[in-house]
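This is what each chain is made of:
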Amino acid sequence: MPIELPKAYEHAEVESKWYPVWLEKGYFHAADTSDKPPYCIVIPPPNVTGVLHIGHALTVTIEDILIRWKRMQGFNALWMPGTDHAGIATQMVVERELKKQGVSRFDLGRERFIDEVWRWKETYHARITDQLHVMGVSLDWERERFTMDEGLSRAVRTVFVKLFKDGLMYRANRLVNWSPGIHTVLSDLEVEYQELKGSLWHIAYPVTGSDERLVVATTRPETMLGDTAVAVHPDDPRYQHLIGKTIDLPLTGRKIPIIADAVLVDMAFGSGAVKVTPAHDFNDFETGKRHGLEMISILDKDARVNANAPEAYRGLDRFVARARIIEDLEAAGLLVKIEPHTLNLGHCQRTGVVVEPMLSTQWYVRAKPLADKCIEAVDAGKTTFTSDEWKKVFYQWMTNIKDWCVSRQLWWGHQIPAWFCGSCEHINVSETTPTQCEHCGSTDLKQDEDVLDTWFSSGLWPFSTLGWPDKTPALETFYPNAVMETGFDILFFWVARMMMLGIYCMGEVPFRTVYMHPMVRDAQGQKMSKTRNNVIDPLDLTRIHGADALRFTLAALVTQGHDLNFSPSRLEGYRAFCNKIWNATRFVFMQLEEGETVELLTSPTEAERAALSVADRWILHTLEDAVAKTTASLDRFDFQSAANGIYQFFWSNYCDWYIELAKPTLREAGPAAAMTKRVLFTALDQALRLLHPFMPYLTEELWTRLPVARDVASITIAAWPTATGVFADAPAATLLEQQIAVIAAVRTVRGENRISPKTPLSILVSAPDAETAKLVEAARGELALLAQVGELQVAVDAPRPKRSAVAIAKACQVFVALEGVIDLNEEIARLEKAIAKLDKDIEKLAKKLEDERFVANAPEEVVIEQRQRLAETRATRTSFADNIEQLR
């Protein structure tokens, strides 16, 4: 009885089966010390309270492909798992849950609230890890870390103290992004800008002791209560006589100076006079520093007008105050005009509340000395970017870097290790809680209530997860990491900070290579968001199509430099590919009897080579080529080419051609059939290994069933195929590919003309030379079997017969007699319609190749492929036009 697989591939059954086995066997665990070369990737830690979204799915797909590939190549491959405490996000989630119970964090107090967050973390931590399991990720779960576990907390304190002692950590009163909704500073990443329709108010500011007025324009009239100057350009002849004089600031009773500033003022824009509010605008803040201006903050932490403003406006919300001020200015005859104006307004990512630039005392890291080291490292090639585009962006950010505000007004996070002395006001910075002030000896100490920016702790991720500040064997082995793979949107916020802190703490770059994956958008290219109702849950897709289909789809679509427009319908094709792999394997298994085994063909002897058919030699040659190209594609992080190359080999070469060509041989018992079975299983074994990093579940299920000798129990730790050249066979490739091209050409004509597959056809093949003609003649049997060719003629440079269809088959032209087979008038109409479509395709391809940005950023192979496609499309159009002429 033949070996049989179940008829249908059930992904849910297969995928639920293997993950527990992999964990139990410890296949994902890397050794702290090993003779194998190290290869390490640290996962970008997802939020502990988060859920897996399609961007996460892309991240873990790419990283798992790399790790599984390197593990199979014989590396000591470590993929470090972990989650991020996600300060603001987690605190807000817990506060929302408490609010449902009518409780606030202030009701609980800091200690009890933090206990509540830890309980929440323990409850929901498993959700994200379970979702990662579903995706088949080969993370070394024995090493899982959390950004607030004891080891990483110690690392955070150590770095803070080291930075402080080295003069790179300091406290200052500066302008920050303030969220009135949650009462904390925000990083730039946490500010989302929205384009809104607003107004531009033109206000007359009276010059002191004069009838002259300066007209300023503002989108925020309420901030005039904090104005401390009006600026004009030093070269503006209109205002030369006013520089150094003062303005009677309306509604306040204050006088403010008129200053000259060439940086802030564009004399050609508006009136050429600009109000300066250093405490509520980032540009004005810098102006205030240049001129030593007073900085008057007129809003409190709730964005209500405070006691620094006139009494009439105190306690009002900023927007209510705005309306009142407009009324008062109009009543005073100082409102010149109001114009509609579109502005880009920053909102808190978490609350949607408009962000307020606010003066606040915060902790800062002096970034430039750290950034300069990073630039030097990249210049020296110690860290390389796989994209020149993102390398340029990295340089721009690091060259223009500003000091990093690292303090946050939250309770959940790493509390800043600084204690204020109540006696002498000295700031004590220490890794451990001090018992007395190091300056005056007082025991009246209070720890800073602020916590550190989440990016501070995650900036230590590549080395803190390996045991730093201790000198552990894992740190010695796996630092620097091999690759940092993450989304381009956090290049500065995370990648740059890891570079800065890694070089600073370790004296060495944290990773050798940076690969930035694109943003996943919906099918129309829109950003995914709940408001657009276009968010895709990857776990829904895995339930329907399987994790392997999702992983392969993402890999086949990803390219650097271009956003990934994702439609769930794309999975249907790759789900069909999973079925194709299953069914092909099932067919191959059915060629053996129960208990029969096959010896794989690895290093064929001369006798074995002589026993190979042309088809055998061809599939082994294309296998060798697929191995070389897949490996080369992965080496250069071209996941799309790798996936598409494997797909092409398995679906087209192995299934569509080799299996079909092998069937007549397999029907006859004997040495030829035995050799063909060996080739079938050899190609299948190697193809499954190539597919494994992309489709771990399906390949494990099929590979472990192969009736062949193996030296390991799992494909997870099996050897990656190598292109040794042992199967390279250019003559066989030339022979069979010409024959396949003729068969395909006949099938194309049959399909285009809707000729029944059972109808025998008469064909004439025009070859360019006698040698090619012999190749076609040798395919007489295959043409009869696979293309239903009843009559075959082959000639060199044969003219096209009248009333025949033509198709190109590599170097040959294939003429298929149509008279008596089809309706010729109907065929002419079909060709005319096809030409119209080809003209559109030619225009589209030509336009793409004329786009300099596409040619510069797309992989070279993609550009070459597009050019070849354009040439082929033009040739097809010419051929179709000739066909119409021939049929008339």
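Residue numbers here run from 1 along each chain, matching the order of that chain's written sequence. A pLDDT threshold of at least 70 governs which residues receive local features in this predicted model, and a stricter bar of 80 or more applies before side-chain atom pairs are shown or counted, although totals over entire chains, interfaces and linings include all residues. Side-chain calculation: all heavy atoms of the structure are included, whereas hydrogens and water are not.

Asks: Even after reading the chapter, I still don't get the packing of helix α19 (residues 614-635) against helix α21 (residues 671-691), so can you show me in this structure?
Replies: To describe two helices that pack against each other, one gives the angle between their axes and the distance between the axes. Only the stretch in contact is used when a helix axis is fitted, and all axes are lines through C-alpha atoms; the angle between N-to-C directions ranges over 0 to 180 degrees. Here a helix means four or more residues in a row that DSSP labels H or I, a strand means two or more in a row labelled E, and each is numbered from the N terminus. Closest axis-to-axis distance for the α19/α21 pair is 10 Å, and the angle between their directions is 10 degrees. One finds that α19 runs roughly parallel with respect to α21. Crossing handedness for the pair α19 and α21: left-handed. Two secondary-structure elements touch here, α19 through D616, I619, L620, L623, A626, V627 and T630 and α21 through M675, T676, V679, T682, A683, Q686 and L690. Partitioning the contact of α19 with α21 into residue classes produces 9 nonpolar, 4 polar and 1 charged. Any angle that falls under 35 degrees is termed roughly parallel, while one over 145 is termed roughly antiparallel, one within 65 to 115 roughly perpendicular, and all others oblique. Here a crossing is taken to be left-handed if its near helix is turned anticlockwise relative to the far helix by less than a right angle, and right-handed if that turn runs clockwise. Contacts are residue-level and defined by heavy atoms, with any inter-residue pair within 4.5 Å sufficient. We call Asp, Glu, Lys and Arg charged. Ala, Val, Leu, Ile, Met, Phe, Trp, Tyr, Cys and Pro are nonpolar, and the rest, Gly among them, are polar.

Asks: Would you explain the packing of helix α15 (residues 538-545) against helix α16 (residues 547-557) in this entry?
Replies: It is at 7 Å that the axes of α15 and α16 come closest, and there the two elements cross at 120 degrees. The angle between α15 and α16 places the two elements in the oblique class. On α16, the residues touching P538, L541, T542 and H545 of α15 are A547, A549 and L550. Its residues assigned to classes, the contact of α15 with α16 comprises 5 nonpolar, 2 polar and no charged.

Asks: Got a minute to help me understand the side chain of E222 in this structure?
Replies: Tracing the backbone shows E222 in the loop between β8 (213-218) and β9 (229-232). Assessed through its relative accessible area of 1%, E222 is described here as buried. For the exposure calls, accessible area comes from a 1.4 Å probe over protein chains only, and a residue counts as buried if that area is under 20% of its type's maximum, exposed if over 50%, partly exposed in between.

Asks: How should I be thinking about the sheet that holds β8 in this particular structure?
Replies: The strands that make up a sheet are held in pairs by hydrogen bonds between backbone atoms, and each pair lies either parallel or antiparallel. Two strands qualify as a pair provided that DSSP identifies no fewer than 2 bridges between them. The 3 strands are arranged β8-β7-β13 in an open sheet whose pairing can be described as antiparallel. Across the chains shown, the open sheet's two edge strands, defined by having one partner strand only, are β8 and β13 (335-348). With strand direction ignored, the average angle separating the axes of adjacent strands in the sheet is 20 degrees. Pairing analysis gives 6 bridges linking strand β7 (residues 191-206) to β8, with the strands arranged antiparallel. Residue pairing for β8: Y205 is matched across the bridge by L214.

Asks: Explain the environment of T585 here, please?
Replies: You can see T585 is positioned in helix α17 (residues 570-589). Given a relative accessible area of 0%, T585 falls into the buried group. Considered as a pair, T585 and P278 are 307 residues apart in the sequence and their alpha carbons are 72 Å apart. When neighbours within four sequence positions are excluded, T585 is seen to be in contact with L5, L684 and L702.

Asks: Before we go on, may I ask you to explain the pattern of salt bridges in this structure?
Replies: Opposite charge on two side chains permits pairing when their charged atoms draw close. Whenever a carboxyl oxygen of Asp or Glu lies within 4 Å of a side-chain nitrogen of Lys or Arg, that contact is scored as a salt bridge. Per the stated rule, a full pass over the model turns up 45 salt bridges. For D638, the salt bridge goes to R636, with nearest N and O atoms at 3.7 Å. For D638, a relative accessible area of 6% translates into the label buried. E752 is the salt-bridge partner of R830, the closest N and O atoms lying 3.7 Å from each other.

Asks: Where do I start with unusual backbone geometry in this structure?
Replies: Excluding glycine, residues mostly have negative phi values, and the peptide bonds linking residues are mostly trans. Following W468, the chain continues to P469 via a peptide bond in cis, the omega torsion being 20 degrees. With respect to the helices, strands and loops of the structure, P469 is situated in the loop between α12 (461-464) and α13 (473-478). The residue after Y479, namely P480, is reached through a cis peptide bond having omega 0 degrees. Counting through the fold element by element, P480 comes out in the loop between α13 and β22 (481-487). The backbone phi angle of A86 is positive, close to 50 degrees, even though this residue is not glycine. With respect to the secondary-structure elements, A86 resides in the loop between β3 (82-83) and α3 (87-100). Exposure remark for A86: the relative accessible area of 6% places this residue in the buried category.

Asks: Is there a simple way to think about the sheet that holds strand β10 (residues 246-249) in this case?
Replies: Taken together, the 4 strands give an open sheet; going across it, the order is β10-β11-β9-β12, and neighbouring strands pair in mixed fashion. Looking at the sheet topology across the chains shown, the edges are occupied by β10 and β12 (273-276). Going from strand to strand, the sheet's axes swing by 30 degrees on average, the running direction of each strand aside.

Asks: Is there a simple way to explain the side chain of R586 in this structure?
Replies: With respect to the helices, strands and loops of the structure, R586 is situated in helix α17. Apart from residues no more than four positions distant in its own chain, R586 is found in contact with E4, L5, P6 and K7.

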